[in-house]
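As a plain string of letters, each chain reads:
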Amino acid sequence: MRERVKIKDGVEPKPFWETKTLEEMTAAEWESLCDGCGRCCLNKLEDEDTGEIVLTRLACALLDIGKCRCSDYANRFDKMPDCINLTPEKVRTLKWLPATCGYRRVKEGRGLAWWHPLISGDPETVHQAGISVRGFARSEKGVRADNFVRYIISDFEDGES
Ligand code: SF4
Ligand code: SF4
């Protein structure tokens with residue numbers, strides 16, 4: 001049975017992402033901030049001379065592009081050693097998290113957009129809004145590393161709202 005949410009003086013309590021810091025969130029709350037867009041699983045290339053980071057539309061081999069979810073989330077660090085464990089500190093310091101990312105939005109005080117599953121109640125809205133990499137990314141499988149440059153994209157439209 002679901003616990004009743006107490007409403008004080010007819011005012012609904014604020015959601016956790018508006019009241020807690022990133023560090024204060026429970027593991028379940030933290031995980032739920034991910035909107036399932038899959039954007040952070042696209043390969044990035046870094047210019048050795050300038051440090052500039054560019055995005056490609058090549059997705060990590062473990063990404064299920066149709067679902068935009070990691071196909072082996074529990075073992076991702078064993079299978080993909082360069083997969084990044086997102087922490088509050090990383091959210092604050094990584095330069096390439098997309099502007100649409102739920103973690104980045106909350107960190108910047110922008111709240112969650114209408115298409116975030118925590119707002120819409122529907123995991124499909126992130127795809128319907130064109131935020132996810134579904135239908136856009138292709139797997140890195142079978143692509144030689146020296147050919148990754150062919151898949152550089154100038155940017156990924158943010159579709160912010
Ligand atoms: S970019 Fe952010 S919201 Fe999108 S999949 Fe990665 S962690 Fe989740
Ligand atoms: S291992 Fe999973 S979570 Fe990590 S980049 Fe690849 S698909 Fe994304």
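Structural data are supplied above this passage.
Remember, predicted model here, so these are calculated numbers, not experimental data.

Draft legend 1. Region of the structure containing the overall build of the chain. On a plain count of helices and strands, the chain comes out with 7 helices and 6 strands. The linear arrangement of helices and strands in the chain, starting from the amino end, is α-α-β-β-β-β-α-α-α-α-α-β-β. Counting the 161 residues in the chain, one finds 19% classified as buried. A separation of at least 24 residues holds for 61% of the contacts in the chain among residues at least 6 apart in sequence.

Draft legend 2. Geometry of the site of ligand 2. Around ligand 2, a shell composed of Cys-41, Cys-60, Leu-62, Leu-63, Cys-70, Arg-76, Met-80 and Cys-83 is seen. The residue makeup of the shell around ligand 2, split by class, is 7 nonpolar, no polar and 1 charged.

Draft legend 3. Spotlight on the pairing of strand β1 (residues 42-46). Pairing analysis gives 4 bridges linking β1 to strand β2 (residues 53-59), with the strands arranged antiparallel. If you follow Lys-44 over to β2, its bridge partner there is Leu-55. Between β1 and β2, which pair antiparallel and follow one another directly, the connecting turn spans 6 residues, one of which, Gly-51, has a positive phi of 80 degrees.

Draft legend 4. Looking closely at the nonpolar core. Membership of the largest hydrophobic core comes to 20 residues, with the highest contact counts inside it found for Cys-37, Cys-41, Leu-42, Ala-59, Tyr-103 and Val-133. Elements represented by at least two residues in this core include exactly β2 and α5 (102-107).

Draft legend 5. Fine view of the pairing of β2. Bridge count between β2 and strand β6 (residues 152-153): 2 bridges; the pairing is antiparallel. Counterpart to Thr-56 in the pairing with β6 is Ile-152. By the bridge criterion, 2 bridges tie β2 to strand β5 (residues 138-139) in an arrangement that is parallel. Note on β5: the bridge partner recorded for Leu-58 is Arg-138.

Draft legend 6. Seen up close, the environment of Cys-34. Residue position: Cys-34 is located in the loop between α2 (27-32) and β1. Cys-34 sits 84 residues away from Leu-118 along the chain, and the two C-alpha atoms are 9.3 Å apart.

Draft legend 7. Main features of unusual backbone geometry. At Cys-68, a position not held by glycine, the phi torsion is positive, near 60 degrees. Relative to the helices and strands, Cys-68 is located in the loop between β3 (63-64) and β4 (69-70). The buried category is assigned to Cys-68, around which 24 C-beta atoms lie within 10 Å.

Here is what the cut-offs are and how they apply
Going along each chain's sequence as written, the residues are numbered from 1 onward. As they are written, the chains are lettered A onward and the ligands numbered 1 onward, keeping that order. Where local features are concerned, this predicted model is filtered to residues with pLDDT of at least 70; where side-chain atom pairs are given and counted, the filter is 80 or more; whole-chain, interface and lining totals use all residues. What counts as a helix is a DSSP run of H or I of at least four residues, what counts as a strand is a run of E of at least two, and both are numbered from the N terminus. Here the C-beta atoms are placed from the backbone, and a residue counts as buried if at least 20 other C-beta atoms lie within 10 Å of its own, exposed if 12 or fewer do, and partly exposed otherwise. Once C-beta atoms have been placed from the backbone, residue pairs whose C-beta atoms lie within 7 Å are recorded as contacts. Nearness between a residue and a molecule or strand is assessed with a C-beta atom placed from the backbone; a distance within 6 Å qualifies. Classes in brief: Ala, Val, Leu, Ile, Met, Phe, Trp, Tyr, Cys and Pro nonpolar; Asp, Glu, Lys and Arg charged; the others, Gly included, polar. We call two strands paired when DSSP finds no fewer than two bridges between them. Think of a nonpolar core as buried Ala, Val, Leu, Ile, Met, Phe, Trp, Tyr and Cys residues chained together by C-beta atoms that fall within 7 Å.

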